Amino acid sequence: MAHEHNVDFYSWGTRCSAVIRLPGGTPPTAGWPAIVMAHGFRGIKEWLLPPTAQALADAGFAVLTFDYRGFGTSDGERGLLVPERQVEDIRNALTFLSAVEVVDPERLGLWGTSFGCGTVIEATARDSRVKAVVGQIGFGSAPRMLERFPPERRTAFVKMLAEDAVRRVRTGDGATIDPAVLLNSPESDTVFADAEKRWPHIAVQIPLNAVERIFEYEPERFVAAVAPRPLLLIGATHDHTVPHSEIVHLYRQAREPKELLTIDVGHYEVYSGPGADKARARTVGWFRSYL
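Per-chain numbering applies: the sequence of each chain, read as written, is numbered from 1 onward. Only residues with pLDDT of at least 70 are given local features in this predicted model, and only at 80 or more are side-chain atom pairs given and counted; all residues enter the totals for whole chains, interfaces and linings. To get the side-chain values, all heavy atoms of the structure are used, and hydrogens and water are removed first.

1. Here we look at the overall build of the chain
Helices and strands together make up the secondary structure of the chain, namely 11 helices and 10 strands. In terms of principal-axis extent, the alpha carbons of the chain reach across some 60 × 40 × 35 Å. Exposed residues in this analysis have more than 50% of their type's maximum accessible area, buried residues have under 20%, and partly exposed residues fall in between, with area computed by a 1.4 Å probe over protein chains only. Here the chain holds 291 residues, and the buried ones make up 56% of them. A sequence separation of at least 24 residues applies to 74% of the contacts in the chain between residues at least 6 apart. Computed with a 1.4 Å probe, the accessible areas rest on the Shrake-Rupley method; for each residue, only the protein chains presented here act as cover. Accessible surface for the chain amounts to roughly 12100 Å². Of this, 52% is attributable to carbon and sulfur atoms. Note on conventions: DSSP H or I runs of at least 4 residues are helices, E runs of at least 2 residues are strands, and numbering of each starts at the N terminus. By definition, residues are in contact when any of their heavy atoms lie within 4.5 Å.

Listed below in structure tokens is the structure:
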């Protein structure tokens, strides 16, 4: 039976709230292999992640889930979702987990979902401590995703961001936006509305200066550098939040060893619907093989 502990760590001086799950029983002499799990767009550690975290802990891995700076119960400017900052949070979470007495610092892995799929890819490209990676339902290029928006809407976004950038440099203050506008996904609207009823602290507004960085983000620029660490990507063919073609882009630009698991479900069914068992089983198997 896995044991859960609420912990805090610091990322660039800001407190991040986390949960560590440790397998039951006596740890191996060198310690448990360990995995940091990175959530997606405005996700929090209590939401969607626990079933996979539990499955990994039951399989013999120490697992850390956490809230990025500015989200959930972590400190920091609310809603400041800057990809490079979240990559740093992931790497600092990895440092914290590697220093736990019962963890083997030579056997560390990363798991990321949705927006977190891209950030764990970049974190791995930058951090040689990572030995294996799993990313699911993620995207390769935000600019390409933005092309899904009608031209007039893209034009309005660009104008709004430019005006806000001028305002920020002149006054030090800027506007925020409802994250639902950025996702442009009815299925996400429903899921997040349900989550906010249970966890009100999941609700945030995203500063427009962060939106500017989100729209520039292209994890596919980093994916080739994951090799020779093994990379498992999991995609959902009926995904209406992140098109399945995006995970295919990532897979094609990745180098061996790599694998693409395709499941015929929607975005959120990878967590708790008919695709969840398949995704979790392959995730556990991947880390058992390579950590």
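2. Some details on empty space enclosed by the protein
Definitions used for this entry: grid spacing 1 Å over protein atoms alone; cavity, a set of points where a 1.4 Å probe fits but cannot get out; pocket, an open set with protein on both sides within 12 Å along at least 5 of 7 lines; lining residue, one with an atom within 4 Å of a point. Grid points are joined across faces, edges and corners, and a volume is the space filled by probe spheres set on the points. Tallied over the entire structure, the rule returns two cavities of 30 Å³ or more. Considering only enclosed or pocket space, the largest cavity measures out at about 370 Å³ in volume. Lining the largest cavity we find 25 residues, and of these Phe41, Phe115, Met145, Leu182 and Leu183 sit closest to its centre. Those elements that provide at least two residues to the lining of the largest cavity are helix H4 (142-146), helix H6 (179-183), helix H7 (186-198) and helix H8 (208-216). At three residues, the largest contribution of residues to the lining of the largest cavity is made by H4. Any residue outside Ala, Val, Leu, Ile, Met, Phe, Trp, Tyr, Cys, Pro, Asp, Glu, Lys and Arg is labelled polar, Gly included; the first ten of those are nonpolar and the last four are charged. Across the lining of the largest cavity, the residue classes tally to 17 nonpolar, seven polar and one charged. Roughly 30 Å³ of internal volume is contained in the second largest cavity. Taken together, Thr52, Trp111, Gln136, Val270, Ala276, Ala279, Arg280 and Thr283 make up the lining of the second largest cavity.

3. Topic: the packing of aromatic side chains
Two aromatic rings from Phe, Tyr or Trp, using only the six-membered ring of Trp, form a pair when their centres are within 6.5 Å; if the ring planes differ by under 30 degrees the pair is stacked, by over 60 it is edge-to-face, and anything between is tilted. Counted by the stated rule, this structure contains 13 aromatic pairs. Plain terms: the ring middles of Phe149 and Phe157 are 5.7 Å apart, the flat faces sit at 80° to each other, and that makes the pair edge-to-face. Residue Phe149 is classed as buried on the basis of its relative accessible area of 4%. The exposure class assigned to Phe157 is buried, which follows from its relative accessible area of 4%. The structure contains a cluster of three or more aromatic residues connected by ring pairs, namely Phe9, Phe66, Tyr68 and Phe96. Geometrically, a lysine NZ or arginine CZ counts as sitting over a ring once it is within 6 Å of the ring centre and also within 35 degrees of the ring normal. We note Lys258 situated over the ring of Tyr251; from NZ or CZ to the ring centre the distance is 4.3 Å.

4. Quick word on the side chain of Thr65
Mapping Thr65 onto the fold places it in strand S4 (residues 62-66). Judged by its relative accessible area of 1%, Thr65 is buried. Setting aside residues up to four positions removed in sequence, Thr65 forms contacts with Ser17, Ala18, Val19, Arg21, Met37, Lys45, Leu49 and Ala53.

5. Focus on the packing of helix H2 (residues 83-98) against helix H3 (residues 115-126)
In the contact formed by H2 and H3, the axes pass within 9 Å of each other and the chain directions differ by 65°. If you check the angle between H2 and H3, you find them roughly perpendicular. Crossing geometry of H2 relative to H3 is assigned as right-handed. Every residue of H3 that contacts H2 at Pro83, Gln86, Val87, Ile90 and Arg91 is listed here: Phe115, Thr119, Val120, Glu122, Ala123 and Arg126. A fitted line through C-alpha atoms serves as each axis, taken over the contacting stretch for helices, and the angle formed by two N-to-C directions is quoted from 0 to 180°. Orientation categories follow fixed angle ranges, with anything under 35 degrees roughly parallel, anything over 145 roughly antiparallel, 65 to 115 roughly perpendicular, and all other angles oblique. Crossings are sorted by hand: turned counterclockwise from the far helix by less than a right angle, the near helix makes the crossing left-handed, and turned clockwise it makes it right-handed.

6. Focus on the side chain of Asp164
Inspection of the secondary structure assignment puts Asp164 in helix H5 (residues 151-171). The class for Asp164 is buried, based on a relative accessible area of 6%. A polar atom in the side chain of Asp164 sits 2.7 Å from the side chain of Arg168. Once residues lying within four places of it in the same chain are set aside, the contact partners of Asp164 are Gly174, Ala175, Leu208 and Asn209. Between N or O atoms, a polar contact is any pair within 3.5 Å; within protein, one atom must be a potential hydrogen donor and the other a potential acceptor, and residues adjacent in sequence are included only when both atoms are from side chains.

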